[in-house]
Each structure stands twice: as C-alpha cells, then as structure tokens.
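# Per-entry structural report
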Amino acid sequence: MLDLLVRQAILNDRPTPCDIACKDGRIIEIAPRIDAEAREIVDAGGCFVTPPFVDVHFHMDATLSLHGQPRRNESGTLLEGIALWSDLKPQQTAEKFKQRAKKLLTWSISRGILAIRTHVDTCDPSLMAVQVLLELREEMKTYVDLQLVAFPQDGYLRDPKAMEQTQKALDMGVDVVGGIPHFERTMAQGAESVRLLCELAAERGLMVDMHCDESDDPLSRHVESLALETVRLGLQGRVTGSHLTSMHSMDNYYISKLLPLMAEAQMHAVCNPLVNMVLQGRHDTYPKRRGLTRVKELLAAGINVCLGHDDVLDPWYPLGTHDMLEVAHMGIHALHMSGIGEMNELFNAVTTRSAAAMGLEGYGIQEGFNADMVVLQGRDPIEAIRLRGPRLAVIRRGQVLARSAPLASELILDGETTTVDFTLDSF
Ligand code: FE2
C-alpha cells in the first residue's frame, strides 16, 4: 500500500503525464501508469508538478511587522528601513516574534515554499530573535526546512557588540555566516568584515551568505572581496552573495573582470527583484536605475543565480504573501528575461537553483528522492508564472499539507453563467 499516488502529473523531464508513487516519505516510482493501492490520491489532471519552491533569501525576524511599526518607511530606502528596524526592535517580545514568524510560515507552506534560508539579526544584545527562530526551526521541521543565517545587521565592525553576538548566535546553532560589508563605515572596513566573517565560517565549517553591495554605488567592491576570500580559504561552492545590486551600476569593463572571479569562487548569487525594485534607485531622478544585479550575465558566466523574496510586510517592503511565482514574475519584467528559455531559467531560480545554494539533499522529483512536490495550476512553469494561481496541492514527505481550488471566476453575461479559468486553448 502506497502512502500517496499523484496521478497525471506533467514533469519537466518527461514528454507525457506520469503517475508518482510515494511511500515512507520518498518517491519510489515514476511511470506513465501506476496501478497500486494508495492511502491518498492526488489527481494532478495534467497540471505541472514541480519540486517545492525554495526561498533562499528571507528575513523572518522582521516579517509581518508592518502594522506594529511606529512609523512607515516614507523614503522607501534601505537605510531608512534599517533605521526603522532599529526603532522597532526594542518593542518586540519573543511571543510577538514567534507569532509573526509562525503566521508567515503558514503562508509560505500554502504557497508551496518548503525550504527557507532566513537571515536573523544578531546585533540585538538579547539574541531573542535567534532563540525564537531556532525553536521554530525545530518545531516546524516536519513541514519546512529552515536555515538560519547570522546577520550582523548593524555592521560586524561598525557595531561594537556584533562580533561577540555573532559568535554567540553560531554557538547557539545558527547554520550560516552572514554579513553586510556595504554598511560598514568605509570600503576598507567592509573588506575587513568580509575577511573576518569568511575566516569565521572556514574555522567552523559553515556556509557563508552575505548581503553584499546592496547599494547603487558603482564603486562598491565587496563582491570581489567575497570572491577573493572564498578562494583563499577554499570555500568554493559554499558562499552566496546576496542582493549584489551595485553590479547594475558598475562599469562594464570592471564587470568583465568581476564575473570570472565569481565563477572561479563558484559563488551563488541571489537577486531579490520585488524588494530591490522598490529600494534601489531612490536617489535617481530620471532615468531611474532598476537596481537589480546582472542576472543574465551572471548566468552566462556559469554562476548559479537564485531569486529570493527577501521581505514580506516589514520596514523594507509593504506588500507580499510569500509567493515565489510573484518573485519570478517580477524577475521576468525587471530583468528583461521574457524569452522562453529565460522564463524557464527564472522558474529554476526559485526552485532547483535555490535548493543547490542551500545544499538541500534529496530535492527533486526523482525516484529515491524526498516525496516533496507542488501541483501548480498550468501545464508548464511559464503558464504557472502567468497565472500565479493557488497551489492545487502542496506535498511534503508524501503528506498533503495544503490544497486549494484553482483560480477561476463565474462570469454572468446576459443571464448566462460561464466559468473563466484564464487558460488559453488554441483557437
Ligand atoms: Fe536581504
């Protein structure tokens, strides 16, 4: 007896719909027709079935704090967001943190996100958010993989307590070393913070994920420092550069030097199109810069590029429901990536590529892998991005965690009712 049988699933690597048999949390068979008894059956009905969405860049400590904020981020800049977060932090309690983070996870899971790498601010002396998110990582592990990044938000060198606090957070069990070199006082201090944090990660055998050059400054140079330290310390493949927005403004000749350095370091790159479209270019008049890193060029250089959501309803971003299809959708527009191959690549950037950056094991719809998948409305990744419909089924280890009805409207014209489902059959 199977635990779960998913019928008529369209998969990326198969020409015709398949059935997927799941037992003991694993996929045991994928074939055009499987005749076996199952405790539960999900009929995908010819819809596209994907491995779960992965949000490789998020801030769970600040999420859903929008309505409790003492004021709003009126300038819409990153720096006002950081200042607002500093004002907000002392008002938080462990209980509030946990309630907000847990509510966000109910949204994430319903949207088919089953792995999240979240940065957690380590500059708060009590490390309350660290403690809360460590508890939540354990409490929710049946449903979602949480990876925590120690993030010295006020600057590893700029904040006198940050070094000690970051060490403490790692001792408590935080998974990844973070940083924010562009927020240090000088370019030299930024480079020094990158060196110290990469050494810390190397000593502890941890991965690195740094907010790096999240500015419009064409002369910011912390990505090259990160690439240098990665190679010097033998951390290739274990380091992620997040945001990297200054790359949009850098001189093209310099970029032609930087991309090979990043490729040599096997660096993962994360672009956050929803949030950086809002935050960047705020000091520009016209024309205004888009503020996103050079995704096409990074991909062409062989670098693993991922897309992240970054924020939902917090000091940096006033919208969102934690939907990675929305992230890919914005990416297509803002990055000028509307070619068929490009749109498919941006779908990969919120699934397989992000799973690779996080080092997730058993990820993918293959025999022997985890029975984790999401049934999407649409026949392929591009239609799923276009519709951004509810996730028809979210499955983890062979258990259905969420179900939704497809996007549809009842249309009443001239007294006749028809159903509109926004799909396009050929005429
Ligand atoms: Fe971020």
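The model shown is predicted, which means the values in this text are computed figures rather than measured ones.

### Topic: the coordination of the iron ion
- Looking at the iron ion, one finds its protein donor set to be His57 (NE2), His59 (NE2), His211 (NE2), His243 (NE2) and Asp310 (OD), positioned 2.2 to 2.4 Å from the metal centre.
- Within one chain, the residues serving as donors to the iron ion are arranged as H-x1-H-x151-H-x31-H-x66-D. Highlighted residues: His59 in the loop between strand S5 (53-58) and helix H1 (78-88) and Asp310 in the loop between strand S12 (304-307) and helix H10 (324-334), separated in sequence by 251 residues. We note that His59, like Asp310, is buried.

### Examining the nonpolar core
- Judged by nonpolar contacts, the single largest core of 101 residues is most densely connected at Met60, Leu226, Met247 and Met262.
- Two domains each put at least three residues into this core: domain 1 (2-51 + 364-410) and domain 2 (53-358).
- Discounting residues that sit within four places of it in the chain, Met60 has contacts with Ala101, Leu104, Leu105, Thr118, His119, Leu133, Leu136 and Leu146.
- Judged by nonpolar contacts, the second largest core, of 20 residues, contains Ile30, Ala44, Met373 and Leu392.

### Examining the pairing of strand S1 (residues 2-10)
- In terms of burial, S1 is largely enclosed, as seven of its nine residues are buried.
- Alignment of S1 against strand S4 (residues 38-50), held across seven bridges, turns out to be parallel. For Ile10, the partnering residue across the bridge sits in S4 and is Phe48.

### Some remarks on the domain arrangement of the chain
- When its domains are assigned, the chain resolves into domain 1 (2-51 + 364-410) and domain 2 (53-358).
- On a C-alpha basis, the centres of domain 1 and domain 2 stand 30 Å from each other.
- With 18 residues of domain 1 at the contact, the number on the domain 2 side is 22 residues.
- Contact with domain 2 buries area across many residues of domain 1, yet Ile385, Arg391 and Arg396 alone supply 37% of it, more than any other trio.
- Along the contact surface separating domain 1 from domain 2 lie two salt bridges.
- A salt bridge links Asp323 to Arg391; the nearest nitrogen and oxygen atoms lie 2.8 Å apart.
- Applying the counting criterion to the domain 1 and domain 2 interface returns eight residue pairs in polar contact (both at pLDDT 80 or more).

### As for unusual backbone geometry
- A cis amide bond links Tyr286 with the next residue in sequence, Pro287, at an omega value of -5°.
- Tracing the backbone shows Pro287 in the loop between helix H8 (273-279) and helix H9 (295-300).
- Located in the positive-phi region is His243, a residue other than glycine, with phi close to 75°.
- Of note, His243 is situated in strand S10 (residues 239-243).
- Judged by relative accessible area, His243 falls into the buried class, the value being 1%.
- Backbone geometry places Leu244, a non-glycine residue, at a positive phi of 50°.
- Here Leu244 is to be found in the loop between S10 and helix H7 (252-264).

### A look at the packing of aromatic side chains
- By the definition in use, this model includes three aromatic pairs.
- When the ring of Phe53 is compared with that of Phe347, the centres are 5.8 Å apart and the planes differ by 65°; the resulting orientation is edge-to-face. Placement of the pair is Phe53 in strand S5 and Phe347 in helix H11 (residues 340-349), with a sequence separation of 294 residues. Each member of the pair, Phe53 as well as Phe347, is classed as buried.
- With 6.2 Å between their ring centres and 55° between their planes, Trp85 and Trp316 make a pair best called tilted. Taken together, the residues span a long stretch of sequence, with Trp85 in helix H1 and Trp316 in the loop between S12 and H10 at a distance of 231 residues.
- Of the aromatic side chains, those joined through ring pairs into one cluster are Phe48, Phe53 and Phe347.
- The ring of Tyr254 has Arg221 lying over it, and the distance from NZ or CZ to the ring centre is 3.7 Å.

### Comments concerning the sheet that holds S1
- Across the sheet, seven strands lie side by side as S3-S2-S1-S4-S13-S14-S15; this open sheet has mixed pairing. One side of each edge strand has no neighbouring strand; the edge strands of this open sheet are strand S3 (26-31) and strand S15 (399-403). Neighbour-to-neighbour, the strand axes of this sheet turn through a mean angle of 30°, independent of strand direction.
- The pairing of strand S14 (residues 393-396) with S15 spans four bridges and is antiparallel. Within S15, the position partnered with Arg396 by the bridge is Gln399.

### Topic: the state of the cysteines
- A full pass over the atoms with the stated rule returns zero disulfides.
- Free cysteine: Cys271, not disulfide-bonded; nearest cysteine sulfur from Cys306 at 10 Å.
- Residue Cys306 is classed as buried on the basis of its relative accessible area of 0%.

### What to know about the packing of helix H6 (residues 222-232) against H7
- Following both chains from N to C, one finds H6 and H7 inclined at 30°, their axes separated by 9 Å at the closest point. Classified by the angle their axes make, H6 and H7 are roughly parallel. In this structure, H6 meets H7 at a crossing whose hand is left-handed. Of the residues in H7, those in contact with Val223, Glu224, Ala227 and Val231 of H6 are Tyr254, Leu258, Leu261, Met262 and Glu264.
- Across the contact of H6 with H7, the residue classes break down as seven nonpolar, no polar and two charged.

Calculation criteria
Residues numbered from 1 in each chain as written. Predicted model: local features only at pLDDT ≥ 70, side-chain atom pairs only at ≥ 80, totals over all residues. Heavy atoms only, no water. Donors = N, O, S within 2.8 Å, 3.2 Å for Na, K, Ca; no water. Helix = DSSP H or I, 4+ residues; strand = E, 2+ residues; numbered from the N terminus. Buried < 20%, exposed > 50% of the residue type's maximum accessible area, 1.4 Å probe, protein only. Core = buried A, V, L, I, M, F, W, Y, C linked by side-chain atoms within 4.5 Å. Domains from an automatic or database assignment. Contact = heavy atoms within 4.5 Å. Pairing = 2+ DSSP bridges. Buried area = accessible area lost by both parts, 1.4 Å probe. Salt bridge = Lys/Arg side-chain N within 4 Å of Asp/Glu carboxyl O. Polar contact = N/O pair within 3.5 Å; in protein donor to acceptor, adjacent residues only side chain to side chain. Phe/Tyr/Trp six-rings, centres within 6.5 Å; stacked < 30°, edge-to-face > 60°. Lys NZ or Arg CZ within 6 Å of the ring centre and 35° of its normal. Axes fitted to C-alpha atoms, helices over the stretch in contact; angles between N-to-C directions. Disulfide = S-S within 2.5 Å. Parallel < 35°, antiparallel > 145°, perpendicular 65-115°, else oblique. Left-handed = near helix turned anticlockwise from the far one by under 90°. Nonpolar A, V, L, I, M, F, W, Y, C, P; charged D, E, K, R; others polar.

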